[in-house]
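The lines below spell out each chain.
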Amino acid sequence: TSVEAQACGKPVIGLGRGGVGETIIAGQTGEIYDNYNKDSLISAVKKFIKKKYLVSDCQSNASRFAKKNFQKKIKKTVEDYWKEFSTSSNNNRTYAV
C-alpha cells in the first residue's frame with residue numbers, strides 16, 4: 001500500500017522491513033522507522049511533521065514500481081543472465097530457447 005499511496009501523491013511512514021523499506025525514500029517520499037517500538041515510530045512521525053513532501057516526488061518514486069517498468073527490468077535481467085551463462089567459458093552445452 002505504500003506504493004499506491006505514493007502514486008496518489010501521498011508520503012508514507014512505514015516500518016523499514018520488507019517491501020515498505022524498499023519503496024519509501026526517507027526524507028523525500030516519507031519516513032522509515034527501523035524498530036518495532038513506539039520510540040522509533042514517534043521519531044519518524046516527528047520527522048514527517050517537520051518535512052514538506054512533494055506530490056511529484058511521491059508519484060515519480062511510485063512509477064518505479066509500475067507493471068510496465070517491472071516487465072522491462074525483469075526482461076533485461078533475464079537477458080543479461082542468459083548472455084552471461086551462454087558465453088561462459090565453463091559452459092560446453094548447447095541450449096535452445
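Quick note: structure is the one above.
The notes below deal with the structure included here.

Conventions used here
- Residues numbered from 1 in each chain as written.
- Predicted model: local features only at pLDDT ≥ 70, side-chain atom pairs only at ≥ 80, totals over all residues.
- Heavy atoms only, no water.
- Helix = DSSP H or I, 4+ residues; strand = E, 2+ residues; numbered from the N terminus.
- Rg over C-alpha atoms; globule rule 2.2 N^0.38 Å.
- Buried < 20%, exposed > 50% of the residue type's maximum accessible area, 1.4 Å probe, protein only.
- Contact = heavy atoms within 4.5 Å.
- Lys, Arg positive; Asp, Glu negative; His and termini not counted.
- Charge placed at Lys NZ, Arg CZ, Asp CG, Glu CD.
- Phe/Tyr/Trp six-rings, centres within 6.5 Å; stacked < 30°, edge-to-face > 60°.

### A look at the overall build of the protein chain
Secondary structure assignment for the protein chain yields five helices and two strands. In summary, the protein chain has a C-alpha radius of gyration of 19 Å against a globular reference of 13 Å for 97 residues, an excess of more than 25%. C-alpha extents for the protein chain along the principal axes are approximately 60 × 30 × 15 Å. The 97 residues of the protein chain split such that 21% are buried. Looking at the protein chain alone, contacts between residues at least 24 apart form 39% of all its contacts between residues at least 6 apart. A distance of 4 Å separates the average location of the 17 positive side-chain charges in the protein chain from that of its 9 negative side-chain charges.

### Notes on the packing of aromatic side chains
Applying the stated criterion to the full structure yields two aromatic pairs. The interplanar angle of 40 degrees and the centroid separation of 5.7 Å between the aromatic rings of Trp82 and Phe85 together place this pair among those described as tilted. Of this pair, Trp82 and Phe85 both sit in helix H5 (residues 67-86), three residues apart, which is roughly one turn of the helix. Under the relative-accessibility criterion, Phe85 is labelled partly exposed at 38%.

### Concerning the side chain of Gln6
With respect to the helices, strands and loops of the structure, Gln6 is situated in helix H1 (residues 2-7). For Gln6, a relative accessible area of 1% puts it in the buried group. Contacts of Gln6, omitting those with residues within four sequence positions, involve Val12, Thr23, Ile24, Thr29, Cys58, Gln59, Asn61 and Ala62.

### Comments concerning the environment of Ser43
On the secondary structure map, Ser43 appears in helix H3 (residues 38-50). Between the alpha carbons of Ser43 and Cys58 there is a distance of 21 Å; along the sequence they are 15 residues apart.

### Comments concerning the environment of Gly21
The residue Gly21 is located in helix H2 (residues 18-23) in this model. In the structure, Gly21 is positioned 19 residues away from Ser2 in sequence and 9.6 Å away in space, judged by C-alpha atoms. Look past the residues within four positions of Gly21 in its chain and what remains in contact with it is Leu15, Gly16 and Ile32.

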